Amino acid sequence: MPNRTDAQTCKETYMRHALTHWTAELAEETAEFYRDLHRHPELSFQEHRTARQVAQALKRLDCEVTTGIGGTGVVAVLRNGDGPVVMLRADMDALPVEEATGLSYASTDKATEPAGNEVPVMHACGHDMHTACLVGTLTVLSQARESWAGTVVGVFQPAEEVTGGAAAMIADGLFERFPVPEVVLAQHVSPAPAGTVGHGSGPFMAASDSAQVTLFGRGGHGASPQYALDPVLMAASVVVRLQGIVAREISMHEQAVVTVGRLQAGTKDNVIPDTAELGINIRTYSAQIRQKVRAAVERVIRAEAAAAGAEREPAIEWTHGAPVLVNDPEATARTVKGLEEHLGVERLTPLPPMPASEDAGVFGEAVGAPTVYWMWGGSDPEEFSATMAEGRMPPLNHRPDYAPALEPALSTGVEIMTVAALTWLTAR
Ligand code: ZN
Ligand code: ZN
């Protein structure tokens, strides 16, 4: 039996060997694949072309590729003898944002939203980079079969931005039709220097819940409010009172956000409308606080309507939610150690929990497997330093001017995902 240090050295050597398959030629080929995805972004659950491109790229590899899982999801299974089953996940959807990056491969595409509106589309969150990196990683692992044993399941999920894609794939039999993983690994590109990894243990991404609310009043002449029941005042009271939930009902040791992002009522200044509408979003880090805040939001809305003397109960519809993403502490420690040994400790930074949401954790939760999710830097390190030195922030994901620096984001994303996967697979 080799001692622990020998085993580590052995694994490290094989990781380096595996990465020699990421050649300049493969990097350029994958970069072209990325540019094509970037030029042709697709909205959530509409990733038909993207899924076709992914399946096409994977066809050359020695793996089983299945499309149409949970709508447009793609699953690739790389079998390589006895060993652990490791799931690597990427998301594929884009956002209704008009691209303003000025890149030669910028998107000018439009799409139709579920509501029927035509909107510009852009990969403003970088999911095209996630998809390209997973295709690159699967290509490397497929060519480096002499380095590892086990099974790799590559999952390309639809609709992360509306947090329904993971659940849709599971409902479509993901874990009945394909090998059940013992760990789920996923990564997100961020505006940090390329090659760096930000990781966290425990709750890492917030739970997100949205409610669409209609308050019912009674319209009338603006000059005679005594004959009407004003839903605008009702809505204003709700907005103010909602801010008391986090301030007065949540312990200082817990965290939550309640935002009213949409408030609509009326058409004219001297007409009292019949109804007012609110769009509310909440973020929390535990199931208990999530339940508590949701219940408090409903209580405040109903109570304010009652206080105003509303004759009809408000309508409250919870439209979409993502659970908190919890990074399993043990699995995270193991992955981080593997990354530190290969990349060097200086490239890894612990991060506090983030207020953004993500449905990558839904996969592991469904089968009791740990999730490890990290952020990797996708910005050119020199440009990043120059921007920060000027006291400016680099553009953040979801902005029209956000885009990762194709290189080194692509090569470092492939390197990080490959090393993380090999940390879990059996070395040989
Ligand atoms: Zn996003
Ligand atoms: Zn994203």
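Everything numeric here is computed off the predicted structure, so don't read it as measured data.

About the cut-offs
Residues numbered from 1 in each chain as written. Chains lettered and ligands numbered in written order. Predicted model: local features only at pLDDT ≥ 70, side-chain atom pairs only at ≥ 80, totals over all residues. Heavy atoms only, no water. Pairing = 2+ DSSP bridges. Helix = DSSP H or I, 4+ residues; strand = E, 2+ residues; numbered from the N terminus. Axes fitted to C-alpha atoms, helices over the stretch in contact; angles between N-to-C directions. Buried < 20%, exposed > 50% of the residue type's maximum accessible area, 1.4 Å probe, protein only. Donors = N, O, S within 2.8 Å, 3.2 Å for Na, K, Ca; no water. Tetrahedral: all angles 85-135°; square planar, octahedral: opposite > 155°, others 65-115°. Salt bridge = Lys/Arg side-chain N within 4 Å of Asp/Glu carboxyl O. Domains from an automatic or database assignment. Contact = heavy atoms within 4.5 Å. Buried area = accessible area lost by both parts, 1.4 Å probe. Polar contact = N/O pair within 3.5 Å; in protein donor to acceptor, adjacent residues only side chain to side chain. Nonpolar A, V, L, I, M, F, W, Y, C, P; charged D, E, K, R; others polar. Phe/Tyr/Trp six-rings, centres within 6.5 Å; stacked < 30°, edge-to-face > 60°.

Asks: Go over the sheet that holds strand β10 (residues 207–216), please, and point to the residues and values.
Replies: Strand order in the open sheet formed by four strands is β12-β14-β10-β15, and the pairing between neighbours is antiparallel. At either margin of the open sheet sits one strand with a lone partner, and together these are β12 (256–265) and β15 (315–322). Shown here is a sheet whose adjacent strand axes are inclined to one another by a mean of 15°, direction ignored. Bridge analysis of β10 against β15 gives seven bridges, and the strand direction is antiparallel. When the bridges of β15 are listed, Asp209 appears paired with Gly321.

Asks: With reference to specific residues and values, describe unusual backbone geometry.
Replies: Along the chain, Glu407 connects to Pro408 via a cis peptide bond; the corresponding omega equals 15°. For Pro408, the position within the fold is in helix α12 (residues 406–424). Even without glycine at this site, Thr163 takes up a positive phi of about 45°. As for its position among the elements, Thr163 is in the loop between β6 (148–157) and α5 (165–171). Residue Thr163 is classed as buried on the basis of its relative accessible area, which comes to 16%. Even without glycine at this site, His398 takes up a positive phi of about 85°. Note on placement: His398 falls in the loop between α11 (381–389) and α12. A relative accessible area of 40% means that His398 is categorised as partly exposed.

Asks: I'd like to hear about the coordination of the zinc ion (ligand 1), residue by residue, with values.
Replies: Cys125 (SG), Glu161 (OE), Glu161 (OE) and His398 (NE2) make up the full set of protein donors to the zinc ion (ligand 1), lying at 2.0 to 2.7 Å. The site at the zinc ion (ligand 1) holds four donor atoms, and with the angles between them running 52 to 149°, its shape is irregular. Look at where the donors of the zinc ion (ligand 1) fall in the sequence and you get C-x35-E-x236-H. The two metals, the zinc ion (ligand 1) and the zinc ion (ligand 2), are separated by 3.1 Å and share Cys125 as a common coordinating residue. Of this pair, Cys125 sits in the loop between β5 (118–120) and α4 (127–143) while His398 sits in the loop between α11 and α12, and the two are 273 residues apart along the sequence.

Asks: Help me get a handle on the pattern of salt bridges, residues and values and all.
Replies: Opposite charge on two side chains makes pairing possible when the charged atoms of those side chains draw close. Counted according to the given criterion, the structure contains 22 salt bridges. One salt bridge in this structure joins Glu28 and Arg35, with 3.3 Å as the shortest N-O distance. You can call Glu28 partly exposed: its relative accessible area is 44%. Glu415 is the partner of Arg347 in a salt bridge, and the nearest nitrogen-oxygen pair spans 3.1 Å. Note that Arg347 is positioned in the loop between α9 (329–343) and β17 (348–350) and Glu415 in helix α12, a separation of 68 residues in sequence. Residue classification places Glu415 among the buried positions, given a relative accessible area of 19%.

Asks: Please give an account of the coordination of the zinc ion (ligand 2) that cites residues and values.
Replies: Binding of the zinc ion (ligand 2) to the protein goes through Cys125 (SG), His127 (NE2) and His188 (NE2), at separations of 2.1 to 2.3 Å. The class for Cys125 is buried, based on a relative accessible area of 8%.

Asks: How would you explain the domain arrangement of the chain if you had to name every residue and give the values?
Replies: Each assigned domain of the chain is listed with its residue range as follows: domain 1 (6–205 + 324–427) and domain 2 (207–322). A straight line from the C-alpha centre of domain 1 to that of domain 2 covers 37 Å. Contact with domain 1, which involves 11 residues of that partner, is made by eight residues of domain 2. When domain 1 packs against domain 2, the two sides together hide about 770 Å² of surface, and 54% of this comes from carbon and sulfur. Of all residues in domain 1, Thr163, Val324 and Ser357 bury the most surface against domain 2, accounting for 53% of the area lost on that side. In this assembly, domain 1 and domain 2 are joined by zero salt bridges. Connecting domain 1 to domain 2 are four residue pairs in polar contact (both at pLDDT 80 or more). The class makeup of the residues in the side of domain 1 that touches domain 2 is eight nonpolar, two polar and one charged.

Asks: Which residues make up the packing of aromatic side chains, and what are the values?
Replies: Enumeration over the complete set of coordinates arrives at two aromatic pairs. Ring geometry for Tyr34 against Tyr105: centres 6.1 Å apart, planes inclined by 75°, an arrangement best described as edge-to-face. Linking Tyr34 in helix α2 (residues 24–39) with Tyr105 in the loop between β3 (85–91) and β4 (110–112), this pair joins segments that are 71 residues apart in sequence. Judged by relative accessible area, Tyr34 falls into the buried class, the value being 0%.

Asks: Just give me the short version of the environment of Gly344, but keep the residues and values in it.
Replies: By the element assignment, Gly344 lies in the loop between α9 and β17. Given a relative accessible area of 17%, Gly344 falls into the buried group. Sequence separation between Gly344 and Thr196 is 148 residues, and the spatial gap between their C-alpha atoms is 10.0 Å.

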